[in-house]
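Reading the structure
If you want the building blocks of each chain, they are given just below.
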2 protein chains.
Amino acid sequence: MSSSLLLHNQALHDILRGHLTEVAQDEALTPEVAMEAIEAGSMVLLGNPAHTGVRPLLVGQPARVKVNANLGTSPLSNCMQTELHKLATALAAGADTVMDLSIAGDLDAIRTAMLAACPRPLGTVPIYAVGQRLLDADRPISEMLPDDLFAEIAKQAAQGVDFITVHCGLSRRGAELATGRTLGIVSRGGSMLARWMRETGRENPLLEDFDRLLDICRPHNLTLSLGDGLRPGAGSDAGDAAQWEEVVNLGQLAAHARSRGVQCMIEGPGHLPLQQVRAQIMGIKQLVGQAPLYVLGPLCCDSAPGHDHLAGAIGAALAVEAGADFLCYLTPAEHLTLPDAADVHAGVMASRLAAHVGEIALKRPWALAREAAMNKARMALDWEGMAAAALDPARLHARREPHKGEEVCAMCGKFCAVKMLR
Amino acid sequence: MSSSLLLHNQALHDILRGHLTEVAQDEALTPEVAMEAIEAGSMVLLGNPAHTGVRPLLVGQPARVKVNANLGTSPLSNCMQTELHKLATALAAGADTVMDLSIAGDLDAIRTAMLAACPRPLGTVPIYAVGQRLLDADRPISEMLPDDLFAEIAKQAAQGVDFITVHCGLSRRGAELATGRTLGIVSRGGSMLARWMRETGRENPLLEDFDRLLDICRPHNLTLSLGDGLRPGAGSDAGDAAQWEEVVNLGQLAAHARSRGVQCMIEGPGHLPLQQVRAQIMGIKQLVGQAPLYVLGPLCCDSAPGHDHLAGAIGAALAVEAGADFLCYLTPAEHLTLPDAADVHAGVMASRLAAHVGEIALKRPWALAREAAMNKARMALDWEGMAAAALDPARLHARREPHKGEEVCAMCGKFCAVKMLR
C-alpha cells in the first residue's frame, strides 16, 4: 500500500519534490521519517497546488499537533469583511489551518477571498454549498443531485481548497442506528445526507461512488477529511453503535483511498465524557489504520454553553495524550451563535493550550523546551522572557500593562514568593 | 479515632445538632452517611459559629465537589469596595466558599466586612497579616514571632473565619529538599516560613507547636486547611522529594488533629503535567487518610499566562475524577496581576465546569441529571430549558440576545442539524 499513494498521486509527488525538506524541518523531523509516515498514511501533507501561496503542512504522527479554526458566514450573520477579519485573527493567534464553513452569501466569492488571504491550508464542507442553493430556493434537501455534489467538489478542488470534509462513512444503516439517540445527528452535513437518504431511499452517494470522489481529489492533492456525521452530540450518545458503524466504514474507506493515491484524515468526536476519551481515541485510531485523527473537542460536558472552548480543551488535552493529531477548535460561541473575532482568538488559544498540555504529557521536545524557557524566565522575574515563551504573549503584555514598571506581579507585590527566597 | 472528633469538638457537635439534616440534604446524603464521613475525617463541615449568618457546608467524599474563589487586596491593587464587588461576583457565579487573601490595606476591616457580606464559608491565610505588618515596617520576615502568628490565628478565629491555610507540614528538611528546584517555593506563606526557618535556624512553629494551633481552632470549629507550601510551581518540580516529604507530614498532622477534635482538609498542587494528575491525587489522598483534598488547579502547563483558568480546568477535571474534593479556582489573571470581577467570574465558571466534567465521569446523579436536562432542551430547541440547565445561564442569554427571537441558533440558522431531521 505504501508506494501506491505516491505512485498514483502526481500532485503530491510534485509538492514533496519541492517542499519535503522544508515541511519536515517545520516538524523537527528528517525528510525520511516524514516520507515514511506519509506513505504509511499516518501523516498527510495538506496543500493543493492550485492554492496560490499556501505553505504545505504535515498533519499526523509524529508531527506537531495542529489546530484548526472554523470560520464562515451564517444566515443570521453574513459579512465577508467580518469573516476576513476573523481569518486574520485566527492566523495571528496561531491557527495552523482554517475551514470556511460559510452557509450564507456568495459562497464562491467568500471562498476565493479566503483562499487568497490564507497562506495556510484551508478546508471546506462542500455539501453546504449544495444545501445552500436548495434551502435558499425553499427546496427540500431530498432534491439534491449527486452530480451537483460531485461538481461542487470538483469546482472547489480547482479553486485551491486543501482539504474537504466529506461524510462518506455515513451509511443508511448508520443513520438508522442513530434514530434512538438522545440528540440524533448533530453534524450539519451528516443530517443533510441522512435526510436525503431517508427521503430518497438511496444510499449515501459519497459512500456508494467513493471512487468518483477519489478521481476528483487526486489531481489536486485534495486531502479527504472523512467526516463523522454520526459523532455523538451528547455525552450519553457517545460510543453507541451508530458511531462505531461509521468509524468501521471510515477505516475501510481510508485504506481504499490511500491505495488509490488520495490522502485521508479521519474526523472524530464530539461530545465525550472524560472517562471515554482515551478509549475512543485509541479505538478509532486503530480502526482507521493510524490515519491522522482530527477531533472536534472532544467536549467533556454538554451543559456549558458560553464556555464550550473550555469543555473542549479538557477533552482535547486528553485526546492528544491518547494520539489525536489535529484539533478543531471550539469557541465560547459554540451552540449559541456565530463566533466573533474575540471568540476566534479564545478558541484558537484554548486549542493550542490543550495541544501543548497533551504534548507535554507525551514529552515532545518542543513542548518541554517551551516550559523550560517559561520557568527560567519566571524564576528570574524576566517578563520579556516570559512573554517570549508564552502561548499568548499579547495577552501577557496587556494584563501587565498597568504595572509593567514593577519587577513583581500585581497579585503578590512584595509578597512575591520567588523574591522572598532570593 | 472516629468518636474523638465529636467528643472533643463541642462547637462542631452544636452545629451538627442544629444543621445536620439540612447540610446533608444539600448534598443529597442521609444524615447518617454525612455523620459517618465527618467522624472518619473524609468529610469536613465548614462553619465557625462566630461567622454570623454562615450556612455550614460539607466538603469531602461523598459530597458534591466544591469550588473556592480567592479574593483580596494586593499592594498594587488595594480597594475594599472592589473586593466586596468581586465577592458578590464570586457568589453569584456559584462559588461555594471564598478566601480573603488580602495583603494590603486594613486587613481586619476588610476581613470583617467580607465575613459580614459572605453567607458561605470564608477562609484566610493568617500568616499574611503577620507578614504584612513586618513588610510594611520594612522589617525582615525573620523577625516574625511565633506568638504573633498564633495570636493572629486566635483573633481571626474569634472574628468568624471558617477555615485557614496553615503550612504546618513545611519542615526544615522539606525546605532544604526544595533548594534544587526549577522554581523553588512558590507558596507565599510557604516562602515566608522557609525564609524564617533559614534565617533563624529554627523549625516551623506551626509544625513544632501544632497542639497550640489545635487548641485555638477547636472552640470555633475553625477547620484547618493544611497548606502545601512545597507544592510544585513548575511541572518539572512535580512529584519531587520536597513535595512528598510535606505530604507525609500533612498526613500525620491530619490524623493527630482529628484525634484532638479538629477538622482538617489537605491542600494539593499546583503545577502538574497531565500524566501525573491521577497518580498524585490518589497518592496524596492515601497518605492523608482520605481527608478532603483541596487542589489549586492543578495546572497542566506552565506556559499559558493569561489563560491559566483553562490550564487549571484541565487538571481539575482529571483531579475530580481521581478523587479531589474541593477546587480552588485559577483566573485568567493568575501569574500576572490581581483578578478583576470579570476574572473572578471566569475563574469560578472554569472550576465549576471542571467539577461538573469530573462528576459526570464519576456518574454522580446530580451531574448526569443536569446533562440530561440540557440535552432534552437542546433536542427540543427549548432555549429557556437550556438556560435552566446551563452552568452559566446569564452567559447563554447574553450571547443569544441579538437573535433571541429565532428558534435556531445564529451559527447554523436553517442549517440546524436538529431541525433538519425532524
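Residues numbered from 1 in each chain as written. Chains lettered and ligands numbered in written order. Predicted model: local features only at pLDDT ≥ 70, side-chain atom pairs only at ≥ 80, totals over all residues. Heavy atoms only, no water.

1. Points about the environment of Asp237 of chain B
Residue and element names in this part refer to chain B. Rules: Helix and strand assignments follow DSSP, with helices taken as H or I runs no shorter than four residues and strands as E runs no shorter than two, numbered in order from the N terminus. In what follows, residue pairs with any heavy atoms lying within 4.5 Å of each other are defined as contacts. Under this definition, polar contacts are N or O atom pairs within 3.5 Å; protein pairs additionally need one hydrogen-donor-capable and one acceptor-capable atom, and for neighbouring residues in sequence, both atoms have to be side-chain atoms.
Considering the arrangement of structural elements, one finds Asp237 in the loop between β7 (223-226) and α12 (241-259). A C-alpha to C-alpha distance of 27 Å links Asp237 and Pro126, two positions 111 residues apart in sequence. Setting aside its immediate chain neighbours within four residues, Asp237 contacts Arg181, Thr182, Leu183, Gly184 and Pro232. Side-chain polar atoms of Asp237 contact the backbone nitrogen of Leu183, separated by 2.9 Å.

2. Points about unusual backbone geometry
Here the residue pair Pro269 of chain A and Gly270 of chain A is connected by a cis peptide bond, since its omega of 15° sits within 30 degrees of zero. Tracing the chain through its elements places Gly270 of chain A in the loop between β8 (264-268) and α13 (277-287). Omega for the peptide link from Gln61 of chain B to Pro62 of chain B comes to 0°, which places this bond in the cis form. Within the element layout of this structure, Pro62 of chain B appears in the loop between β2 (57-60) and β3 (66-71). Even without glycine at this site, Gln290 of chain B takes up a positive phi of about 65°. Within the element layout of this structure, Gln290 of chain B appears in the loop between α13 (277-287) and β9 (293-296).

3. Description of the relation of the copies chain A and chain B
The condition that has to hold: Least-squares superposition aligns the copies on the C-alpha atoms of those residues with pLDDT at or above 70 in both.
Overlay of chain A on chain B (RMSD 0.0 Å): rotation 180°, translation along the axis 0.0 Å. A rotation of that kind, with that shift, is consistent with a two-fold axis. Residue Ile314 of chain A, judged by its C-alpha, is the member of chain A lying nearest the rotation axis, at 2.3 Å. Of the interface residues in chain A, 100% have counterparts in chain B that sit at the interface too, so the contact is made through matching surfaces.

4. Section: the sheet that holds strand β5 (residues 122-124) of chain A
All names here are of chain A. Quick reminder of the rule: The rule for pairing is simple: two strands pair if DSSP sees at least two bridges between them. Axis definition: a line fitted to C-alpha atoms, limited for helices to the stretch in contact. Angles are taken between N-to-C directions and run from 0 to 180 degrees.
Spatially, β3-β4-β5-β6-β7-β8-β9-β10 is the arrangement adopted by the 8 strands of the closed barrel, whose pairing is parallel. Taken over all neighbouring pairs, the strand axes of this sheet differ in orientation by 25° on average, direction set aside. Pairing analysis gives 3 bridges linking strand β9 (residues 293-296) to strand β10 (residues 326-328), with the strands arranged parallel. Bridge assignment links Leu296 to a residue of β10, and that residue is Cys328. The strands touched by helix α15 (residues 341-361) within the sheet are β3 (66-71) and β10, with β3 carrying the most contacts at an inclination of about 160°.

5. Let's talk about the sheet that holds strand β5 (residues 122-124) of chain B
All names here are of chain B. The 8 strands are arranged β3-β4-β5-β6-β7-β8-β9-β10 in a closed barrel whose pairing can be described as parallel. Strand-to-strand twist in this sheet, taken as the mean axis angle between neighbours without regard to direction, amounts to 25°. Relative to strand β10 (residues 326-328), β3 runs parallel, the two sharing 3 bridges. Its bridge partner being in β10, Asn68 is matched across the sheet by Cys328. Packed onto the sheet, helix α4 (residues 80-93) meets β3 and β4 (97-100) and runs at close to 165° relative to β3.

6. Focus: the interface of chain A and chain B
Quick reminder of the rule: What gets called buried area is simply the loss in accessible area from a 1.4 Å probe that two parts show on being joined, summed for both. A side-chain nitrogen of Lys or Arg and a carboxyl oxygen of Asp or Glu constitute a salt bridge if their distance falls within 4 Å. Only Asp, Glu, Lys and Arg are considered charged, only Ala, Val, Leu, Ile, Met, Phe, Trp, Tyr, Cys and Pro nonpolar, and every remaining residue, Gly among them, polar.
Each partner contributes residues to the interface: chain A has 94 residues there, and chain B has 94 residues. A per-residue breakdown of the area chain A buries against chain B is headed by Arg399, Met411 and Phe415 of chain A, which together make up 11% of the total. Applying the counting rule to chain A against chain B returns 4 salt bridges. On the surface where chain A and chain B come into contact, there are 26 residue pairs in polar contact (both at pLDDT 80 or more). No other element matches the 9 residues that α15 of chain A contributes to the side of chain A that touches chain B. Residue composition of the side of chain A that touches chain B, grouped by class: 52 nonpolar, 21 polar and 21 charged.

7. Details of the pattern of salt bridges
Stated precisely, the cut-off is as follows: Only protein chains enter the accessibility calculation, which uses a 1.4 Å probe. A residue is then buried if its area is under 20% of the maximum for its type, exposed if over 50%, and partly exposed in between.
This structure, assessed with the given rule, holds 50 salt bridges over all chains. As a salt-bridge pair, Lys404 of chain A and Glu401 of chain A come within 3.0 Å of each other at their nearest N and O atoms. Overall, the relative accessible area of 56% leaves Lys404 of chain A in the exposed class. A salt bridge links Lys419 of chain B to Glu407 of chain B; the nearest nitrogen and oxygen atoms lie 2.9 Å apart. Of this pair, Lys419 of chain B sits in helix α19 (residues 417-420) while Glu407 of chain B sits in the loop between α18 (393-400) and α19, placing them 12 residues apart in sequence. We classify Lys419 of chain B as partly exposed; its relative accessible area is 37%. Given a relative accessible area of 33%, Glu407 of chain B falls into the partly exposed group. What you see here is one network of salt bridges that share partners, running through Asp108, Arg111, Arg133, Glu152 and Lys155 of chain A.

8. Quick word on α13 of chain A
Residue and element names in this part refer to chain A. All of the buried residues along α13 are Val277, Gln280, Ile281, Gly283, Ile284 and Lys285. Elements that come into contact with the buried residues of α13 comprise α12 (241-259), β8, β9 and α14 (308-322). With its phi angle positive at about 65°, Gly289 sits one or two positions after the end of α13.

9. A word on the domain arrangement of chain A
Interfaces are frequently sized by the accessible area removed from exposure as the parts join. All names here are of chain A. Which entries qualify depends on this criterion: Boundaries of every domain are those given by an automatic assignment or by a domain database.
Examined at the domain level, chain A breaks down into domain 1 (42-361) and domain 2 (365-420). Taken together, the contact pairs 10 residues of domain 1 with 8 residues of domain 2. Both faces considered, domain 1 and domain 2 share a buried interface measuring about 870 Å² in area, 61% of it formed by carbon and sulfur atoms. The interface formed by domain 1 and domain 2 holds 0 salt bridges in total.

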